[in-house]
Amino acid sequence: MSLPDPLTSQHRFIPNASEDVREMLDVVGVASIDRLFDTIPDAVKLDRLLDVPGPWSEIESRRWFRGLAAKNMTAADHTSFLGGGAYMHYQPACIDQLLLRAEFLTAYTPYQPEVSQGTLQSIFEYQTHQCLLTGLDVANASLYDGSTALCEAVLLAERMHKNKTKVIIAKSVHPHYRDTVRTYVQNLGLEIVEIGWAADGRVDLNELRGACEGAFAIAVQSPNFFGAIEDYEAIADATVGLTRIAVVAEATSFGILAPPGPHGFDICVGEGQAWGIPPQFGGPYVGFMVVRDALKRHMPGRLVGETVDVDGRRAYVLTLATREQHIRRGKATSNICTNEALIALAANIYLSLMGKEGLREVAVQSLQKANYLRGKLGEIEGVELPFAAPVYNEFVVRTPFLAREILADLEHEKILGGIPLDEFYDGFNNDFLVAVTELHTQEQLDKFAVAVRAAIARERR
Amino acid sequence: MSIPEDSKYAKSHEYVHFDEKEGVGTIGITDYAQKELGDVVFVELPQVGTQLEAGDELGSIESVKAVSELFAPVSGEVVEVNEALTEKPELVNTDPYGDGWMIKMRVSDPTEMDELLMNAEEYEEYIQTEAGH
């Protein structure tokens, strides 16, 4: 490492004297600062300074970055069927325009009711949308993203069952979400039991029943990672006494699918990206969490409530803040003491603008177009649709050839055909996941089917 | 401020009204404690059957000002909890020694009543010193 060593030289921006650093290391009982980073795999650690070229003028820098950006394949110059947790729906232009307002676009979210009625009202409206869509009682002001929302849901469920340590998570929950849960709970003494899927792609209910003994919660995703719509009530019947967590990664599906709340689920968490946020790599996205009333005091995160001011006028304030870290210290429900306010605002604008009918229209079109394409692909010789369960807007396609080869072939036709599943599941080398939204035209769907047929034919030769 | 003579008191401001014949102590927070907390909006209590050692956390009480932990003044098993507090937590304010009781506990070692707790007179002195800070 050629960075300055804080034990021997003073860092320009870190005002700890060398003796202070030494003393702090002694207190925590490690020999060097590097040891504090032991949990980070060596493979991703940089053992040298960044190789930054320059110094350049602004003009030179822009030219260089433009060249770099040109290497990207974007959904703007391809027809994209990528999904798997990030979906390309239409984003009405007024969303970005309103997000740019300085009152909202600040570096930090002001929560003081005296100065922030607009921000608080927007969060309250966002929470109201979540409750209406999920059929549950209390929503928080948002979390970072779908994966961390699931983590917080697991920890919330654990607080409700203090003597149990086992949580069941379906393997058909988004693989990244499951990874994140593993990271969160690895030092908390919790055991994760993963259960598989039945032949139709939905949760294997027999395996689930067998796993329930001693478990405190069950988490399933619907539509699941394969696109299959789960049967909430059948899962609820199989998991008596457990806290049930529904994960929704494709948030426009609420426009047509039955909500989890009235069908036996206690917590609904998920990813709100589909609500007007572009599918940008790395986010920022927005996680949502909605719970039954009985769980509200155990919920993490901020929560905005409606009240009246001294003159009896409607006003908004942070409420149930006694759960939170700044008041509850070490006994807080979570160390989340912020929310993803700007992105939640985008979701609020999207949902307000679409309304009941608009969201339903998005969902119906996405579902119909996906099922149209699924039918077209199913007619192609060699194409298999491995899972028969009903789907919303995403589904698995299998060919006799490696998915990565087929997809590379489709790229020549300017088509991003889907996500290869070999990265996530063993034995799925020939499978890829295809997502369709209201933005696809029939012409694009037909062209995709033709291109898949041609790719298979080329592989055969 | 009311400090009934027939109960014993913990430094953490819980009282125990002990029924020697039954071996059961009724536990709540004192009149002084409820005044200090202000309007109580939520009380979280343990499940019947929970075993507690003296000093264990038995639940929490939330007022408009803060959340505080409740501690078991003596050891034993929880035999009853005051379900009425779910709907009416304000009973803790209006009647802390009566309808605002929190749990009943089968006291496993009655000698703890004298060893660990103060009588009314001692508790009164204690809160005066504490209020002096």
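Residues numbered from 1 in each chain as written. Chains lettered and ligands numbered in written order. Predicted model: local features only at pLDDT ≥ 70, side-chain atom pairs only at ≥ 80, totals over all residues.

Another aspect to go through is the overall build of chain A. A tally of helices and strands in chain A yields twelve helices and 14 strands. Computed over C-alpha atoms, the radius of gyration of chain A comes to 24 Å, within 12% of the 23 Å expected from 2.2 N^0.38 for 461 residues, which places it in the range of a compact globule. Sequence separation of at least 24 residues holds for 73% of the intrachain contacts in chain A that already meet a minimum separation of 6. (Helix = DSSP H or I, 4+ residues; strand = E, 2+ residues; numbered from the N terminus. Rg over C-alpha atoms; globule rule 2.2 N^0.38 Å. Contact = placed C-beta atoms within 7 Å.)

Before going further, it helps to spend a moment on the overall build of chain B. What chain B contains, in helices and strands, is five helices and nine strands. Reading chain B from its N terminus to its C terminus gives the helix and strand order β-β-β-α-β-β-β-β-β-α-α-β-α-α. Taking 14 Å as the expected radius of gyration for a compact globule of 133 residues, we find that chain B reaches 14 Å, a close match to that expectation. When each of the 133 residues of chain B is scored for burial, the buried share is 38%. (Buried ≥ 20, exposed ≤ 12 C-beta atoms within 10 Å, placed from the backbone.)

Let's shift gears to unusual backbone geometry. Residue and element names in this part refer to chain A. Cis geometry is found at the peptide bond from G54 to P55, where omega equals 10°. Residue placement: P55 occurs in the loop between α1 (18-28) and α2 (58-69). Each neighbour pair has its own omega, and for S222 with P223 the value is -10°, a cis peptide bond. Locating P223 in the fold gives a position in the loop between β5 (215-221) and α8 (232-238). Positive phi, close to 50°, is recorded for L320, a residue that is not glycine. Its location among the elements puts L320 in the loop between β10 (314-318) and α9 (325-328). For K414, which is not a glycine, the phi torsion comes out positive at approximately 65°. Classification of K414 as partly exposed rests on a count of 13 C-beta atoms within 10 Å.

Residue and element names in this part refer to chain B. Strand order in the open sheet formed by three strands is β4-β6-β7, and the pairing between neighbours is antiparallel. For this open sheet the edge positions go to β4 (40-44) and β7 (67-71), each flanked by a neighbour on one side alone. With strand direction ignored, the average angle separating the axes of adjacent strands in the sheet is 25°. (Pairing = 2+ DSSP bridges. Axes fitted to C-alpha atoms, helices over the stretch in contact; angles between N-to-C directions.)

To continue, consider helix α6 (residues 175-185) of chain A. All names here are of chain A. Along α6, the positions that sit buried rather than exposed are Y177, R178 and V181. Along the axis of α6, the buried positions cluster into a sector of 100°, meaning they face one direction only. Close packing links the buried residues of α6 with α5 (146-160), β3 (166-170), β4 (191-195) and β6 (243-248). (Arc of directions from axis to C-beta.)

So, about the interface of chain A and chain B. The interface is formed by four residues belonging to chain A together with four residues belonging to chain B. Classifying every residue of the side of chain A that touches chain B by side-chain character gives one nonpolar, one polar and two charged. (Nonpolar A, V, L, I, M, F, W, Y, C, P; charged D, E, K, R; others polar.)

All names here are of chain A. A sheet is described by the order of its strands in space; here seven strands give the open sequence β2-β8-β7-β6-β5-β3-β4, paired in mixed fashion. Bordering the open sheet on either side are β2 (138-139) and β4, each of which pairs with just one other strand. Pairing analysis gives five bridges linking β5 to β6, with the strands arranged parallel. Each bridged residue has a counterpart across the sheet, and for V220 the counterpart in β6 is A246. Set on the sheet, α6 makes contact with β3, β4 and β6; between it and β4 the angle comes to about 160°.

For the rest of this paragraph, the subject is the nonpolar core. Within the largest apolar cluster, 112 residues are counted, with the highest numbers of intra-cluster contacts made by A153(A), A219(A) and V247(A). The leading source of residues in this core is helix α10 (residues 341-378) of chain A, at 17 residues. Looking at this core, you find at least three residues from each of domain 2 (79-90 + 356-460) and domain 3 (93-350) of chain A. Apart from the residues lying within four places of it in its own chain, the contact partners of V247(A) are L150(A), V173(A), Y177(A), A219(A), V220(A), Q221(A), V269(A) and G270(A). Within the second largest apolar cluster, 32 residues are counted, among which are A10(B), V81(B), V92(B) and W101(B). (Core = buried A, V, L, I, M, F, W, Y, C linked by C-beta atoms within 7 Å. Domains from an automatic or database assignment.)

Residues and elements named next belong to chain A. Position of P400 among the secondary structure elements: in the loop between β11 (394-398) and α11 (403-411). What makes P400 partly exposed here is the crowd of 13 C-beta atoms within 10 Å. As a C-alpha pair, P400 and V138 span 262 residues in sequence and 48 Å in three-dimensional space.

All names here are of chain A. With five of five residues buried, strand β14 (residues 431-435) is to be regarded as a mostly interior element. Pairing analysis gives five bridges linking β11 to β14, with the strands arranged antiparallel. By the bridge assignment, F395 is partnered in β14 with V434. Examined bridge by bridge, strand β13 (residues 419-420) and β14 share two bridges and lie antiparallel to one another. Bridging from a neighbouring strand, I419 pairs with L433 of β14.

This part takes up the packing of α10(A) against helix α12 (residues 442-460) of chain A. All names here are of chain A. For the pair α10 and α12, interaxial distance at closest approach is 10 Å and the crossing angle is 25°. In terms of their interaxial angle, α10 and α12 are classed as roughly parallel. Considering the relative orientation of α10 and α12, their crossing is right-handed. Residue-level contacts link K369, Y372, L373, K376 and L377 of α10 to L445, F448, A449 and V452 of α12. For the contact of α10 with α12, a count of residues per class yields seven nonpolar, no polar and two charged. (Parallel < 35°, antiparallel > 145°, perpendicular 65-115°, else oblique. Left-handed = near helix turned anticlockwise from the far one by under 90°.)

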